[in-house]
Amino acid sequence: MYKNPKVKTCKINSANLLINTSNSAVVGIDDNTYKEYLKILDDKIIDTELFDFLVENEFISDKNNFTKNHDVSNAYIHVTDRCNLKCNGCYSAGERNDKNELALDDIKKVISNLKSLNLKNIIISGGEPMIRNDLDLVLKNIREELNPENLVVITNGTINNDKLLENILKYIDVLAVSLDTYNSKCEPILRGEKIFDRIMEFIDKAKSFGINISILPTINHKNSDFIAEYTKLSKELNSEISFSLFTVKPNDNNKDFVLDKSDLEKIINYYHDHEMNVTDVPLNNSLEGKCNCKTGEELISVGTDGSLYPCHMLMEDEFKMGNLLEGDALDLLIRNTKNSYRITVDEINDCKNCEYKYLCGGGCRARAYLNTDSIEEKDPFCPMYYGFFENMFRQF
């Protein structure tokens, strides 16, 4: 009998947990069932129902088929670094905004070299994607060549191009509109003034074409008290909503926006009282097993020059895996299997002895890197994760 090496066991509040970090399955069992589990690992199959369950959920197998694979299902594709705004904290700001973007034929070559992966969710980002007049042709090629289950475009909602909106409708599943304020009277936080009304006009126009809209506010120190207002706006717009958290390398220019411990507590309190989708954090309404943040394993990011990175927040030269103009994505991933960004929670400082480590997976390596210049340090948002799981198990 072969045990999946990515299965972890732990005990939280007297509950035995079997955690499959390869497929996220989490199972709570009593002491007697745990003893039966150990017997099964010794090839002493007494409880056939438990045995069948463990096989079905890939905790064990009668064949050693638990070899490492590359099941990348999520990708960010950056089609331009150009943008008409200069938002504080944007990961595409600075020198990258001056880079040349790929021509359509080169983007098609990049897309072709992604076909070896099992991409289900593709996010088109920038810069501002709608600054490209050929965005519809890029999306058409992605739909024809990769045919993902979900194709999302992130936009700042300030470029009014009715023809382009109409043309992209047939290719995308969601248009995610990032925004800063929640009404026209609210003072801008990360962006320039008088943008809110322009964004609302953009959303109305997109909805008139039948495009599905999701709004994407970024929570930071200056707006952490107003999460409910953003949620209210999404209901008024009859749109989905997904929050992102302000994530930057702290400096004098953005220090007033960086989330502190009190902000993280506000987010957790709201999280437990309401349904809330926050991107790039290991929190979910159901328990999921993980030993890392899956960067470079389930997620990749493609830069505007075709370079391949493990995630959209680790687009630095030291993490570059190659260029998709020159090689196939799967080949590049296999070549970079032993790269340092694949660190697990057992290797992260201050995480090794945490009882919740296989549920949060150590959080986000990019946040740790931005905050400490090392991916081996603790995610600065750890207090939020710990509070979330602590509350959850207290309720159990």
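Structure's up top.
The rules behind the values
- Residues numbered from 1 in each chain as written.
- Predicted model: local features only at pLDDT ≥ 70, side-chain atom pairs only at ≥ 80, totals over all residues.
- Heavy atoms only, no water.
- Core = buried A, V, L, I, M, F, W, Y, C linked by side-chain atoms within 4.5 Å.
- Buried < 20%, exposed > 50% of the residue type's maximum accessible area, 1.4 Å probe, protein only.
- Contact = heavy atoms within 4.5 Å.
- Axes fitted to C-alpha atoms, helices over the stretch in contact; angles between N-to-C directions.
- Helix = DSSP H or I, 4+ residues; strand = E, 2+ residues; numbered from the N terminus.
- Left-handed = near helix turned anticlockwise from the far one by under 90°.
- Nonpolar A, V, L, I, M, F, W, Y, C, P; charged D, E, K, R; others polar.
- Pairing = 2+ DSSP bridges.
- Polar contact = N/O pair within 3.5 Å; in protein donor to acceptor, adjacent residues only side chain to side chain.
- Parallel < 35°, antiparallel > 145°, perpendicular 65-115°, else oblique.
- Phe/Tyr/Trp six-rings, centres within 6.5 Å; stacked < 30°, edge-to-face > 60°.
- Expected span 1.5 Å × (residues − 1).

**Student:** Would you mind showing me how to read the nonpolar core here?
**Tutor:** Across soluble globular proteins, nonpolar side chains have a tendency to be buried as a group. Among the nonpolar cores identified, the biggest contains 110 residues, and L114, I124, L175 and M384 are the most heavily contacted of them. Each residue touching L114, except ones within four places of it in the same chain, is listed here: I77, L119, L146, I300, V302, L324 and A329. Grouped together as the second largest cluster of nonpolar side chains are 12 residues, I29, Y37, F51 and F59 included.

**Student:** Would you mind going over the packing of helix α8 (residues 261-273) against helix α12 (residues 382-395) with me for this structure?
**Tutor:** To describe two helices that pack against each other, one gives the angle between their axes and the distance between the axes. Here α8 crosses α12 at 35°, and the two axes come no closer than 9 Å. Every pair of crossing elements has a handedness; the one defined by α8 and α12 is right-handed. In this structure, α8 contributes L264, I267, I268, Y271 and H272 to the contact, and α12 contributes P383, M384, G387, F388, N391, M392 and Q395. The residue inventory of the contact of α8 with α12, partitioned by class, reads eight nonpolar, four polar and no charged.

**Student:** So what exactly am I meant to see when it comes to the pairing of strand β3 (residues 15-20) here?
**Tutor:** Two faces belong to every sheet, and in a regular strand the side chains alternate between them. Judged by how many residues are buried, β3 sits mostly within the fold: five of six residues are covered. Here strand β2 (residues 7-12) pairs with β3 via six bridges, running antiparallel. Its bridge partner being in β3, C10 is matched across the sheet by L17. Between β2 and β3, which pair antiparallel in sequence order, lie two residues; one of them, N13, sits at a positive phi of approximately 50°. Summarising the sheet, β3 and strand β4 (residues 26-29) pair through four bridges and their orientation is antiparallel.

**Student:** What is the right way to read the environment of K266 from this model?
**Tutor:** By the element assignment, K266 lies in helix α8. Owing to a relative accessible area of 30%, K266 belongs among the partly exposed residues under this scheme. Polar side-chain contacts of K266 include one of 2.9 Å to the side chain of D225.

**Student:** What exactly am I supposed to notice about the packing of helix α3 (residues 104-112) against helix α4 (residues 135-145) here?
**Tutor:** Two numbers describe how α3 lies on α4: the axes approach to 10 Å, and their chain directions differ by 25°. Taken together, α3 and α4 sit at an angle that is classed as roughly parallel. The two elements α3 and α4 cross, and the hand of that crossing is right-handed. Contact residues: α3 offers L104, I107, K108 and I111, while α4 offers L137, V138, N141, I142 and E145. Of the residues contributing to the contact of α3 with α4, the split by class is six nonpolar, one polar and two charged.

**Student:** Sorry, what's going on with the sheet that holds β2 here?
**Tutor:** Note on sheets: strands pair through backbone hydrogen bonds, and any given pair is parallel or antiparallel. Here we have three strands laid out as an open sheet, ordered β2-β3-β4, and antiparallel in their pairing. Across the chains shown, the open sheet's two edge strands, defined by having one partner strand only, are β2 and β4. Put simply, the sheet's adjacent strands are angled 25° from each other on average, direction ignored.

**Student:** I keep staring at the packing of aromatic side chains and nothing clicks. Help me out?
**Tutor:** Each aromatic ring pair is summarised here by two numbers: the centre-to-centre distance and the angle between the ring planes. Applying the stated rule across the entire model yields 11 aromatic pairs. When the centroid spacing of 6.1 Å and the interplanar angle of 35° are considered together, the rings of Y34 and Y37 count as tilted. A residue pair is termed a helical-turn pair when its members lie 3 or 4 positions apart in one helix, as Y34 and Y37 do in helix α1 (residues 31-41) at three residues. Ring geometry for Y356 versus F389: centroids 5.9 Å apart, planes at 25°, classification stacked. Placement of the pair is Y356 in the loop between α9 (329-335) and α10 (357-360) and F389 in helix α12, with a sequence separation of 33 residues. Across the pair, F389 and Y356 agree in class, each one buried. Through a chain of ring-to-ring contacts, the aromatic side chains of Y271, Y356, Y386, F388, F389 and F393 assemble into a single cluster.

**Student:** Would you take a moment to explain the pairing of strand β7 (residues 121-125) for this structure?
**Tutor:** As paired strands, strand β6 (residues 74-78) and β7 are joined by five bridges and run parallel to one another. Bridged to N74 within β7 is N121. In the sheet, β7 pairs with strand β8 (residues 150-155) via four bridges, with the strands oriented parallel. In the sheet register, I122 faces β8, and the bridge partner there is L151.

**Student:** Would you mind showing me how to read unusual backbone geometry here?
**Tutor:** The bulk of non-glycine residues show a negative phi, and the bulk of peptide bonds are trans. Looking along the chain, the bond that leaves G126 and enters G127 is cis, with omega of 15°. Within the secondary structure, G127 is located in the loop between β7 and α4. Positioned with a positive phi, N13 is a non-glycine residue whose angle comes to about 50°. When you line up the elements, N13 lands in the loop between β2 and β3. Of note in the backbone geometry, D43 takes a positive phi value of approximately 65° without being a glycine. Here D43 is to be found in the loop between α1 and α2 (48-56).

**Student:** Mind showing me how you'd approach α12 here?
**Tutor:** Residues spaced three or four apart along an α-helix point in a common direction, a consequence of the helix completing one turn every 3.6 residues. The terminal C-alpha atoms of α12 lie 20 Å apart, and with 14 residues this matches the ideal 20 Å at 1.5 Å per residue to within 8%. The set of residues buried in α12 consists of M384, Y385, G387, F388, F389, N391, M392 and F393. Those residues of α12 that are buried are in contact with β2, β3, β12 (244-245), α8, α10 and α11 (365-372).

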